[in-house]
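# Residue-level structural notes
These are the residues of each chain, in order.
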Amino acid sequence: MSIKMTSLKAKRFILMCVGLVLCLIAVFPAHATRHALLIGVGNYPGLPPRLSLEGPVSDVTALKKMLVSKQGFDPKNIVTLTDSQATKDGILAALDNLSKTTSPDDFVFIYFSGHGTSPQDEATRKMKINDMGTFYTGAVLPFDFSAADTPEKMMDKLIIGYRDIRPRVEKLDKDRRIFGVFDSCYSENAFRSLDMLATRHVTIPWAGAKKNIGDSLIDESPTTLKDAPTTVSPPSPYENTIFLSAASKGEPANDMVQRDMPQRYTTFDGNSHGALSNALLIALDGDADMDGNGRITYRELHKSVRLKVAENFSHTPRLLVPENRPSMKDDVVFQAKRGEKIRPEPSIPTGPLKVATKGSAKRFISAVTEIPGVKLGTENDFDLLIKAVSAEIETRSGQDMFELYLANGGLLAELPASTVLERIKAQVKVKKLLEKKWPNSNSNVFIEILGKQGILFEGDSLGFSIDTESDAYILLVNIDHAGNINVVYPYDDSETGIIKKGQGLHMPGVCRVTGECLGTEYLKVFAFPSLPAEISTLMGESFSPDEPLFNTLLTMLDQQKNVVTSTRTLKTERRQ
């Protein structure tokens, strides 16, 4: 059997996780102490001025204040390195010093905000010398990095994951608990984003270089690259370390800058911040406590920052835990204070769909204003932006082509001029589904993507893992880049049973990307306390927002109470 999806075709098999997954809470010995190393580099004398970053120094300042005021850190146990302090020698010395200033069972928080780089571009990928035991390790840039140096000197100045970070973290990982956050990006932006956004990626002129850097600071398995070796490292080499990165492979991480405030977005404190850092500050201030129990788990933290980043940007923060200890996602972050009521997840703004046009797309203005539920936006304030494609794409397609961009800078769809208005009409209706939530629910549902992370290409397979904090009946729908709705789960009567708390729903490899897909898709999961009667009508169906089944879905949801929901995005791109 198969699900009728425009871009995701599923081979249907479901594996239920029958083992009870315990929600473990980290219990630290009485003598355990929290330590933090906070690094921020925004001023790079060795790079062109246009590559300076506004956010990193204020990231460090605000995060230190947050750790002390809300997370129980002692100021004397927090080391900060900003700009000229954050040379390569200074950073590595501070990392080495953690083994001396901390003790077994202590908690260590390592944070970096600044530029990152990796060899995703073709010129860099051709360097095939394996000088560090792996082809695949990304890098961050210290203050004293210079693009004017020889390739060999540049290579020496980089702080490279496999060479410089991993050995030091592995030493601490043996008997300490570690949380690492890296607000930088490691790859060229293979997925399109609007040129108005400031990113944290630097493409280095490697011409003539004799050494290779690889794909990920956190040692992800690079199975999608042509030069992948036959043997790769496991997803995480650690036992007691959790990493949160700003973006998946192939995505840029963004800086939130003053020139775009407040028209485009606002930040936690009105200062410039990295998109991940800003979301992290908001999450730690309380928004990540989604069930209101006074505690924040890594799972809740990841969901909170992912949703907050997605409001304005197209990159997806990624959480990595040791492969053999997935339950660490349910450990409490920093041993957060208990008993304090923290405000719930912020609501998604509602109202008319704001559509803006750019360049030659202004020809659509008159027709757009006639679409019910739409109002004109501006290039600085929109839900959808219509923009003409590049001449190269138009020549390749042989049609008059346009792109629809989301407010976060991500590409929603690329389509011919003749279908632009119909896609906007569909988005007006789809918006009602995406905005559905029940703010007074006292539980959570979590959905994770299994398989390749980041951008998906034709032929890539993926699956899903869904966990709930209470017994629930699950509905999982996919909204593809064309605006069609596909009911992924349940597919038939055999999948309408209740999912017990802690049991989970595990569906590896059930979908495969087909066709030349280009754009953004959504996965939205609902967890119901009782099974709605309409489920039997909806299961396994695919339909457009103009069909009666869409109204059946919305009406069913309007009638429900105490439902919890979660949304994930998928990004598809042409294989080059």
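Computed from a predicted structure; not experimentally measured.

For the rest of this paragraph, the subject is the overall build of the chain. For the chain, the count of helices and strands is 12 helices and 29 strands. Counting all 576 residues of the chain, 57% fall into the buried class. Long-range contacts, defined as pairs at least 24 residues apart, comprise 77% of the intrachain contacts of the chain with a sequence gap of at least 6. For the chain, the accessible area works out to roughly 23,000 Å², and carbon and sulfur atoms hold 51% of it.

What follows covers empty space enclosed by the protein. Counted by the stated rule, this structure contains five cavities of 30 Å³ or more. By volume, the second largest cavity is sized at about 60 Å³. Forming the boundary of the second largest cavity are Ile-39, Ile-91, Leu-95, Ile-110, Phe-112, Val-140, Ile-159, Ile-165 and Phe-182. Going through the elements one at a time, helix H2 (88–101) and strand S6 (107–113) are the ones with two or more residues in the lining of the second largest cavity.

Okay, the environment of Ala-407 next. Here Ala-407 is to be found in the loop between strand S19 (401–406) and strand S20 (411–416). On the accessibility criterion, Ala-407 (23% relative accessible area) is partly exposed. On a C-alpha basis, the gap between Ala-407 and Ala-310 in space is 8.9 Å, while along the polypeptide they are 97 residues apart.

So, on to the sheet that holds strand S12 (residues 241–245). Pairing within the open sheet is mixed, and its six strands lie in the order S5-S4-S6-S10-S12-S15. Where the open sheet ends on each side, the last strands, each with one partner, are strand S5 (78–82) and strand S15 (318–320). Averaged over all adjacent pairs, the angle separating strand axes in this sheet is 10°, with direction ignored. Pairing of strand S4 (residues 34–40) with S6, which is carried by seven bridges, proceeds in the parallel orientation. Considered in S6, the bridge of Arg-34 is made with Phe-107. Sitting on the sheet, helix H5 (residues 161–173) is in contact with S6, strand S10 (177–183) and S12, with an inclination near 150° to S10. The strands touched by helix H6 (residues 275–287) within the sheet are S6, S10 and S12, with S10 carrying the most contacts at an inclination of about 130°.

Next up on the list: the pairing of strand S23 (residues 461–468). Of all eight residues making up S23, seven are buried, and the element is well covered by its neighbours. Note: strand S21 (residues 445–451) against S23, seven bridges, orientation antiparallel. Residue Glu-448 lies in a different strand from S23, and its bridge partner there is Ser-465.

Let us now look at the nonpolar core. Grouped together as the largest cluster of nonpolar side chains are 42 residues, with contacts concentrated most on Ile-386, Ile-424, Leu-433, Leu-475, Ile-485, Phe-526 and Leu-553. Core analysis: the second largest hydrophobic core is formed by 41 residues, Ala-246, Tyr-265, Ala-275 and Leu-301 among them.

Contact geometry for helix H1 (residues 55–70) and H6: axes closest at 10 Å, N-to-C directions at 15°. If you check the angle between H1 and H6, you find them roughly parallel. For the element pair H1 and H6, the recorded crossing hand is left-handed. Where H1 approaches H6, its residues Asp-59, Ala-62, Leu-63, Met-66 and Lys-70 are matched on the opposing element by Ser-277, Leu-280, Leu-281, Leu-284 and Asp-285. Of the residues in the contact of H1 with H6, the class split is six nonpolar, one polar and three charged.

The next subject is H6. Taking 1.5 Å of rise per residue, the 13 residues of H6 would be expected to cover 18 Å, yet its terminal C-alpha atoms sit only 16 Å apart, more than 12% below that figure. By the criterion of burial, H6 is predominantly enclosed, with 13 of the 13 residues buried.

Right, let's get into the confidence of the model for the chain. The predicted model of the chain averages 78 in pLDDT, with 75% of residues at 70 or higher. For the chain, the element scoring lowest by mean pLDDT is strand S3 (residues 15–16), at 28; S5 scores highest, at 97. When the criterion is pLDDT under 50, residues 1–31 qualifies, and its contacts beyond four places in sequence or with other chains add up to 100 contacts. Contacts of residues 120–137 to residues separated by more than four positions or lying in other chains number 57 contacts, the stretch itself having pLDDT below 50.

Take the pattern of salt bridges next. Counted under the stated rule, the structure contains 20 salt bridges. Here the residues in one salt-bridge network are Arg-299, Asp-330 and Asp-467, joined through shared partners.

Reading the values: the criteria
Residues numbered from 1 in each chain as written. Predicted model: local features only at pLDDT ≥ 70, side-chain atom pairs only at ≥ 80, totals over all residues. Heavy atoms only, no water. Helix = DSSP H or I, 4+ residues; strand = E, 2+ residues; numbered from the N terminus. Buried < 20%, exposed > 50% of the residue type's maximum accessible area, 1.4 Å probe, protein only. Contact = heavy atoms within 4.5 Å. Areas by Shrake-Rupley, 256 points an atom, 1.4 Å probe, with all protein chains shown as cover. 1 Å grid on protein atoms, 1.4 Å probe; cavity = no way out; pocket = protein on both sides within 12 Å on 5 of 7 lines; lining within 4 Å. Points joined across faces, edges and corners; volume = space filled by probe spheres on them. Pairing = 2+ DSSP bridges. Axes fitted to C-alpha atoms, helices over the stretch in contact; angles between N-to-C directions. Core = buried A, V, L, I, M, F, W, Y, C linked by side-chain atoms within 4.5 Å. Parallel < 35°, antiparallel > 145°, perpendicular 65-115°, else oblique. Left-handed = near helix turned anticlockwise from the far one by under 90°. Nonpolar A, V, L, I, M, F, W, Y, C, P; charged D, E, K, R; others polar. Expected span 1.5 Å × (residues − 1). pLDDT = per-residue confidence, 0-100. Salt bridge = Lys/Arg side-chain N within 4 Å of Asp/Glu carboxyl O.

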